[in-house]
Amino acid sequence: MTMNSDFALVVPEILMAAGAMLLLMVGAYGGEERQRNLITWASAGLMALVAAIVATRGGAEATAFGGAFVDDGFARFTKVLILTSSALMLVIGKEYLERRGILRFEYPILIVLATLGMMMMVSSGGLIALYMGLELQSLSLYVVAAFNRDSARSTEAGLKYFVLGALSSGMLLYGASLVYGYSGSTSFSAIAEVIADDGVSLGLTFGLVFICAGLAFKISAVPFHMWTPDVYEGAPTPVTAFFATAPKVAAGALFARALYDGFGNAVADWQQILVFISIASMFLGSIAAIGQSNLKRLLAYSSIGHMGFALVGLAAGTQAGAESLLTYLVIYVIMNIGTFAFILSMERDGKPVVQISDLAGLAETRPAQALALGVLMFSLAGIPPMVGFFAKFFVFKAAVDAGLAPLAVAGAVASVIGAYYYLNIVRVMYLSQAERPLEIRTNLIGQGALGLSALVMAAGWLPIFDGFGLPEMAAAAAQSLLR
């Protein structure tokens, strides 16, 4: 492949990088007050444009730069989801940041750069490209976590995320160095060939364990979850909303890319690792959230549990498992977009509130919003006929078909436990009396995100997802990953 064709393959990433640099110059030299709204909308428009370009690109799998960059159906599927969710969360959170006086032109640019890193992650064809994309994403996220400079909690969140993120990056690099030392290559395809010919040596096993540990941190999986509740609570709520959507998709897709492409011939070796972190994540997320009174901390533990459920599909090590992982991520993102659209609108006396007790009496004062949020809680709990039930059903079915029935049973038990705190939110909204009514600062975009996501979750699987061909798209993407 020539250099021109290499660059042609990475046009979406080039557009993102060039757009970020251009918007940075506009913000630096055009005056922050005048340009921050323009830059925010331009950043969202740029991501939407790139998502459209990626979605309309067809063709078979292609590689660039010596196999370091992979463009296939799996990468395109996840990139569209990442770009769309990033653009939506940027627009939904804009008004919140403006009301608090913390919207600066750097914020949307950092989101664009983080999204660019995620795009590189899901297209990585080797350990070096993987690390480059991961660090571009992480460095941007460290900054936005501490973006509210006047808040000690936001600064603390950014510092905790940075310190623990650096530790996880070190573990990932150590694992990559072991894999390189024992396989002689950083390319996933070359590593897969070595494993197919010689099996998995002890050194490769250790390298695989450290790589899984580093990636588990990025996906908030137990036992590398400790940063999640504090960062979710301390970061500005629009940042928390962003953390709960696109980065989860990118980390889950990267996990699948590394294990299926690089270690697809060693499923038995990494399957036991994923089974452990999956079970631990599901149960810790389900149990630890029960005692939470802060909505953002509750959703942090919820995200830990949901990533455990997503890893059930990945642990299957089959095409059906990869397909169920992608389906789960799509549904999880939709549920979180709606949930955080509502949380961003919560106010009392002009100040944001995020306590579960603040939802008391919402069904009387705001029945439409209470109904929409209730639907999303039922879906997050996985209660039929909400679409969230089907997300869990597909990952459990993939696990059972792969001979991991005990894992599916453990997931079902954890799901029942976790339903308690979701249903408790519904109870507070409908059965508790409010001392003072909650103020809802809604805008058209936030209302639309909340209403549409609730409608999609309540409409059931067939008319929405099956009608739009999500199973077929997820199956095609999974098939390209297991080529």
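Residues numbered from 1 in each chain as written. Predicted model: local features only at pLDDT ≥ 70, side-chain atom pairs only at ≥ 80, totals over all residues. Heavy atoms only, no water.

1. Topic: the overall build of the chain
For clarity, the cut-off: Secondary structure elements are defined from DSSP: runs of H or I of at least 4 residues count as helices, runs of E of at least 2 residues count as strands, and each element is numbered from the N terminus. Each residue gets one of three labels from its accessible area relative to the maximum for its type: buried under 20%, exposed over 50%, partly exposed in between, using a 1.4 Å probe on protein chains only. Pairs of residues are marked as contacts when any of their non-hydrogen atoms sit within 4.5 Å. A positive count includes Lys and Arg, and a negative count includes Asp and Glu. His and the chain ends are not counted in either. Where a charge lies is defined by one atom per residue type: Lys uses NZ, Arg uses CZ, Asp uses CG and Glu uses CD.
Tallying secondary structure elements over the chain gives 22 helices and five strands in all. The dimensions of the chain, computed from C-alpha atoms along their principal axes, are 70 × 60 × 45 Å. Per-residue burial for the chain yields a buried fraction of 60% across its 483 residues. For the chain, long-range pairs separated by at least 24 residues make up 81% of all intrachain contacts whose partners lie at least 6 apart in sequence. Here the chain carries 26 positive and 30 negative side-chain charges, and the mean point of each set is 9 Å from the other.

2. A look at the pattern of salt bridges
Selection criterion: We count a salt bridge whenever a side-chain nitrogen from Lys or Arg sits within 4 Å of a carboxyl oxygen from Asp or Glu.
Using the criterion set out here, one finds 12 salt bridges in the structure. For Lys94, the salt bridge goes to Glu98, with nearest N and O atoms at 3.1 Å. Remark: Glu98 and Lys94 occur in helix α4 (residues 73–100); sequence separation between them is four residues, near one turn of the helix. According to the relative accessible area criterion, Lys94 is buried, its value standing at 11%. For Glu98, a relative accessible area of 32% puts it in the partly exposed group. Ionic pairing is found between Lys160 and Glu156, a salt bridge with its closest N-O pair at 2.8 Å. Separated by four residues within a single helix, Lys160 and Glu156 lie in helix α7 (residues 152–183), roughly one turn from each other. What makes Glu156 partly exposed here is its relative accessible area of 40%. Put simply, Arg153, Glu156, Lys160, Asp230, Glu233 and Arg297 are held in one network by salt bridges that share partners.

3. Side note on the environment of Ser85
Relative to the helices and strands, Ser85 resides in helix α4. Sequence separation between Ser85 and Val330 is 245 residues; the distance between their C-alpha atoms is 9.7 Å. Sequence-distant contacts of Ser85, defined by excluding residues within four places in its chain, comprise Thr245, Ala246, Val333 and Ile337.

4. Focus: the UniProt feature "domain: NADH:quinone oxidoreductase/Mrp antiporter transmembrane" (unreviewed entry) in the chain
To be explicit about the condition: UniProt positions are given in the numbering used here, feature names are shortened, and annotations may be inferred rather than shown by experiment.
The sites that carry the UniProt feature "domain: NADH:quinone oxidoreductase/Mrp antiporter transmembrane" (unreviewed entry) are, in the present numbering, residues 125–418. Taken end to end, residues 125–418 is 77% helix and 2% strand, and its two terminal C-alpha atoms sit 37 Å from one another.

5. Examining a nonpolar patch on the surface
Quick reminder of the rule: Any residue with relative accessible area above 30% and no salt bridge may belong to a patch, with like charges joined within 9 Å and the nonpolar Val, Leu, Ile, Met, Phe, Trp and Tyr side chains within 5 Å. Shrake-Rupley sampling with a 1.4 Å probe provides the accessible areas, and residues are treated as covered by the protein chains on show and by no other component.
A surface patch of nonpolar side chains, about 260 Å² in accessible area, is lined by Phe7, Ile14 and Phe65. By the element assignment, Ile14 lies in helix α2 (residues 11–30). You can call Ile14 partly exposed: its relative accessible area is 38%.

6. Quick word on the nonpolar core
Stated formally: Throughout, nonpolar core names a set of buried Ala, Val, Leu, Ile, Met, Phe, Trp, Tyr and Cys residues whose side chains join them through atoms within 4.5 Å.
By size, the foremost hydrophobic cluster in this structure holds 166 residues, and its most contacted members are Met16, Tyr107, Tyr161, Phe243, Phe255, Leu314 and Leu359. Here this core gets 15 residues from one element, more than from any other, and that element is helix α15 (residues 319–343). Excluding its chain neighbours within four sequence positions, the residues that come into contact with Phe243 are Leu141, Val144, Ala145, Tyr161, Val231, Tyr232 and Lys248. One finds Leu9, Val10, Ala62 and Ala64 within the second-largest nonpolar core, a separate group that totals five residues.

7. Here we look at unusual backbone geometry
Cis peptide bonds are those with omega within 30 degrees of zero, and the linkage from Val222 to Pro223 qualifies with 10 degrees. By the secondary structure assignment, Pro223 is in the loop between α9 (202–218) and α10 (228–234). The peptide bond linking Pro384 to Pro385 adopts the cis configuration, its omega dihedral lying at 5 degrees. Examined against the element boundaries, Pro385 turns out to sit in the loop between α17 (367–381) and α18 (387–401).

8. Thoughts on the side chain of Gln137
For Gln137, the location among the structural elements is in helix α6 (residues 127–145). A residue is classified by how much of its surface remains accessible, and Gln137, at 2% relative accessible area, is buried. Residues within four places of Gln137 in sequence aside, it is in contact with Ala114, Gly117, Met118, Met121, Pro247 and Ala250.

9. Some points on the sheet that holds strand β4 (residues 351–352)
Stated precisely, the cut-off is as follows: Strand pairing follows a simple DSSP-based rule, namely that at least 2 bridges must link the two strands.
Here we have three strands laid out as an open sheet, ordered β4-β3-β5, and antiparallel in their pairing. Looking along the sheet, the strands with just one partner apiece sit at the ends: β4 and β5 (439–440). Bridge count for strand β3 (residues 346–348) against β4 is two bridges, and the pairing is antiparallel. Looking at β4, one finds that Arg348 is bridged to Lys351.

10. Regarding helix α12 (residues 246–263)
An α-helix turns once every 3.6 residues. As a result, residues three or four positions apart point the same way. Basically, it comes down to this: Take the residue count of a helix, subtract one, and multiply by 1.5 Å to get its expected span.
Between its terminal C-alpha atoms α12 stretches 25 Å, which fits the 26 Å expected from 18 residues at 1.5 Å a residue. Counting buried residues along α12, 18 of its 18 residues qualify, which places the element largely inside the surrounding structure.

11. Quick notes on the packing of aromatic side chains
Defined as follows: Each Phe, Tyr or Trp ring (for Trp, its six-membered ring) is paired with any other whose centre lies within 6.5 Å, and the angle between the two planes then decides the class: stacked below 30 degrees, edge-to-face above 60, tilted in between. The rule for a charge over a ring is simple: NZ of Lys or CZ of Arg within 6 Å of the ring centre, and within 35 degrees of the ring normal.
The final tally for this structure, using the stated rule, is 15 aromatic pairs. Arranged with centres 5.1 Å apart and planes meeting at 85 degrees, the rings of Tyr142 and Tyr161 form a pair that is edge-to-face. On the criterion of sequence distance, the pair formed by Tyr142 in helix α6 and Tyr161 in helix α7 is long-range, its members being 19 residues apart. Like Tyr142, the residue Tyr161 is buried in the burial classification. By way of ring pairs, the aromatic residues Tyr142, Tyr161, Phe162, Phe217, Trp227 and Phe243 are connected into one cluster. The ring of Phe147 has Arg104 lying over it, and the distance from NZ or CZ to the ring centre is 5.7 Å.

12. Quick word on the environment of Gln35
By the secondary structure assignment, Gln35 is in helix α3 (residues 32–56). Gln35 has contacts with Val26 and Gly30, leaving out every residue within four places of it along the chain.

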